[in-house]
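Now for the letters of each chain:
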Amino acid sequence: MGDARRVIAVIVQYAGPAAWLAEVLPSLDAEVLWLAAPPAAEALAKRGVNAQPLPEDPSGRLADADLLITGTSHGPGPEKRALRAAARLGLMSMSVVDHWSNYRERFEDETGLIWPDHILVNDDAARRAAEAAGLPAARLRALGNPVLERRAADTGPSGDARSWRKSLGLPADRRVVVFVSEDLARHFPEGHPFWHGFDEYRALEDIQKALPPDAELLIKTHPNEDPAKYAKWAGPH
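The structure displayed is predicted, hence computed values, not measured ones.

1. Looking at the sheet that holds strand β5 (residues 93–96)
Across the sheet, seven strands lie side by side as β3-β2-β1-β4-β5-β8-β9; this open sheet has parallel pairing. Across the chains shown, the open sheet's two edge strands, defined by having one partner strand only, are β3 (52–53) and β9 (140–142). The pairing of strand β2 (residues 30–36) with β3 spans two bridges and is classified as parallel. Note on β3: the bridge partner recorded for A36 is P53. Across the sheet, helix α2 (residues 38–46) is in contact with β1 (6–12) and β2; its angle to β2 comes to roughly 135°.

This is the structure in structure tokens:
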């Protein structure tokens, strides 16, 4: 008999890192234990991955794992509890940062900072920003973003713009302005330490005022957002 397959425990709360991992892990010769909170579980299900519910403290699910992989998010939660458990068990760990902001805060909770053995970021710009934010340089790995890379590959050649417009019901003779949204108002409202001075609604108001008459506004929502929040911008303006 050959060696047993390695077991990878995945602890993920949100859709972004869940989608990132779903692009990569199914191709590995390993048994993957997916533990996901509802936003992540929904993103995984869309990609054909069935996940078990994520407990508040997933430490007890790591005993048979050879590797822990987590998503990252702000504040306390099961991802950081799993990282602390992995450190106690001597279990190798890595975390996915699928964004370009709040690097340090993703690894800090009420008990302090916890670093995984490896921190996976999107690109060299993210690696430099993470290092500037105080993340240990030796643990940073710029591996790309497989979700965005797939999207770029799926868009087809630039000459296919007419078909793309037709598929979205966009007029062929109008310019298109794409707003890629982020759920700022809910997570970082005015007065929050991470308040940017604006949120998605204020940004859209400013964009709409600046739009030329021959432009169409296309809103790409974040996976964790309810598209209904943008109802007032739907239709012709």
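2. As for the packing of aromatic side chains
In the structure shown here, the tally under the stated rule is four aromatic pairs. Note on Y201 and Y230: the rings are 6.2 Å apart at their centroids and 45° apart in plane angle, and the pair reads as tilted. Note that Y201 is positioned in helix α8 (residues 200–210) and Y230 in the segment after β11 (215–220), a separation of 29 residues in sequence. In this structure an aromatic cluster arises from ring pairing among Y201, Y230 and W233.

3. A short note on a nonpolar patch on the surface
On the surface, W164, L168, V178 and V180 cluster together into a nonpolar patch covering about 380 Å² of accessible area. Those elements giving two or more residues to the nonpolar patch turn out to be α6 (161–168) and β10 (175–180). Counting through the fold element by element, V178 comes out in strand β10.

4. Focus on the pairing of strand β8 (residues 118–121)
Because side chains alternate across β8, one face comprises the buried residues H118 and L120, and the other comprises I119 and V121, equally buried. The pairing of β5 with β8 spans three bridges and is parallel. Bridge assignment links M94 to a residue of β8, and that residue is H118. Bridge count between β8 and β9: three bridges; the pairing is parallel. Counted as the bridge partner of L120 is R141 from β9. Crossover β8 to β9 through helix α4 (residues 124–132) is right-handed.

5. Some words on unusual backbone geometry
Its identity is not glycine, yet N102 carries a phi of approximately 50°, on the positive side. Mapped onto the elements, N102 comes out in the loop between β5 and β6 (108–109). With a relative accessible area of 18%, N102 lands in the buried category.

Cut-offs and rules
Residues numbered from 1 in each chain as written. Predicted model: local features only at pLDDT ≥ 70, side-chain atom pairs only at ≥ 80, totals over all residues. Heavy atoms only, no water. Pairing = 2+ DSSP bridges. Helix = DSSP H or I, 4+ residues; strand = E, 2+ residues; numbered from the N terminus. Contact = heavy atoms within 4.5 Å. Axes fitted to C-alpha atoms, helices over the stretch in contact; angles between N-to-C directions. Phe/Tyr/Trp six-rings, centres within 6.5 Å; stacked < 30°, edge-to-face > 60°. Patch = residues over 30% accessible without salt bridge, like charges linked within 9 Å, V, L, I, M, F, W, Y side chains within 5 Å. Areas by Shrake-Rupley, 256 points an atom, 1.4 Å probe, with all protein chains shown as cover. Salt bridge = Lys/Arg side-chain N within 4 Å of Asp/Glu carboxyl O. Buried < 20%, exposed > 50% of the residue type's maximum accessible area, 1.4 Å probe, protein only. Right-handed = clockwise from strand over helix to strand, strands pointing away.

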